[in-house]
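Architecture at a glance
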Amino acid sequence: MGRRLLLLGPPGAGKGTQAERIARALGIPHISTGVMLRDHVERGTELGNEAQSIMEAGDLVPDDIVVAMVAERIAEEDAACGYVLDGFPRNAPQAEALSAAAGDDAIEVAIYLDVPEDELVARLMGRGRADDTEQAVRNRLSIYQEQTAPLIDRYDTAGALARVDGVGAMDDVFARVTLTLSQ
Ligand code: AP5
């Protein structure tokens, strides 16, 4: 069993950016529920049609949908040697479902990317994804504070949390992440 990592942080913190680099460096799959859901939307699947308006409003897609998606993905052969989760779990029920599906050691290190809110808004407003409108970003940030941020304490208590300063050039942040993972 290789490394089982989670990228935790608010919208725009750089979870996707750093998860992709970690996955490439370690040769493990990058599992992003946001990417998987956007792929369903693009392909016009039943799941995608159900998720599209929820995502555009910045709300959370129902837990049963994302939990089933992730459980299926981490059971695939390439994930036997580890994975980098990005955007999942996003609330307590999802964290519990992950432990139920993959065991209490499903997350070995939860990397929390710490970025102040002003910087997040500037990054997202400059990107132009369908859920990067001002209203959707505000909603995503508030759902993050209410439902996702409490997971920081959960992984801290479990001794799995690593805080990384997410401000600065992407290469510099990646160097900090790499250093953290080597400790
Ligand atoms: P998701 O795709 O997970 O979006 P998010 O959490 O809002 O995060 P973002 O992708 O906006 O940001 P990120 O932290 O990954 O940063 P990124 O690297 O992209 O989810 C989207 C939606 O899907 C949710 O709102 C929900 O509806 C649904 N969903 C997904 N998972 C779900 C779940 N588990 N349960 C229920 N619903 C779920 O970077 C952001 C920008 O900043 C980019 O332009 C990037 O180039 C730039 N950037 C990155 N790093 C830096 C840096 N160091 N300096 C400057 N710019 C940077």
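In what follows, the accompanying structure is described. (Residues numbered from 1 in each chain as written. Predicted model: local features only at pLDDT ≥ 70, side-chain atom pairs only at ≥ 80, totals over all residues. Heavy atoms only, no water.)

Remarks on the side chain of Ser32
Basically, it comes down to this: In this text, helices come from DSSP runs of H or I with a minimum length of four residues, and strands from runs of E with a minimum of two, each type numbered from the N-terminal end. For every residue, the accessible area (1.4 Å probe, protein chains only) is compared with the maximum for its type, and the residue is labelled buried under 20%, exposed over 50%, or partly exposed between those bounds. In the analysis that follows, any N or O atom pair within 3.5 Å is treated as a polar contact, provided that within protein one partner can donate a hydrogen and the other can accept it, and provided that, for residues neighboring in sequence, both atoms belong to side chains.
By secondary structure assignment, the location of Ser32 is in strand 2 (residues 30-32). A residue is classified by how much of its surface remains accessible, and Ser32, at 6% relative accessible area, is buried. At 3.4 Å, the side chain of Ser32 forms a polar contact with the backbone nitrogen of Gly34. A polar side-chain atom of Ser32 sits 3.0 Å from the main-chain amide nitrogen of Val35.

Considering the nonpolar core
Inclusion rule: We call a set of buried Ala, Val, Leu, Ile, Met, Phe, Trp, Tyr and Cys residues a nonpolar core when their side-chain atoms join them within 4.5 Å. The contact definition used throughout considers only heavy atoms, calling two residues in contact when any of these lie within 4.5 Å.
Ranked by size, the top nonpolar core spans 31 residues in total, and within it Val61, Leu85 and Tyr155 carry the most contacts. At the level of elements, strand 1 (3-8), helix 2 (33-43), helix 3 (46-57), helix 4 (63-74), strand 3 (82-86), helix 5 (92-102), strand 4 (109-114) and helix 8 (150-157) are the ones that each hand at least two residues to this core. Considering each element in turn, this core owes the most residues, 5 residues, to helix 4. Each residue touching Val61, except ones within four places of it in the same chain, is listed here: Leu37, Ala51, Ile54, Met55 and Val66.

Observations regarding empty space enclosed by the protein
The criterion, for reference: Points on a 1 Å grid over protein atoms alone make up a cavity when a 1.4 Å probe fits among them but cannot get out, and a pocket when they form an open set with protein on both sides within 12 Å along at least five of seven lines; lining residues each have an atom within 4 Å of a point. Grid points are joined across faces, edges and corners, and a volume is the space filled by probe spheres set on the points.
This model, assessed by the stated rule, comprises 1 cavity of 30 Å³ or more. Its volume calculated, the largest cavity comes out at about 30 Å³. What lines the largest cavity is simply Val67, Val70, Ala71, Ile74, Phe88, Ala97, Leu98 and Ala101.

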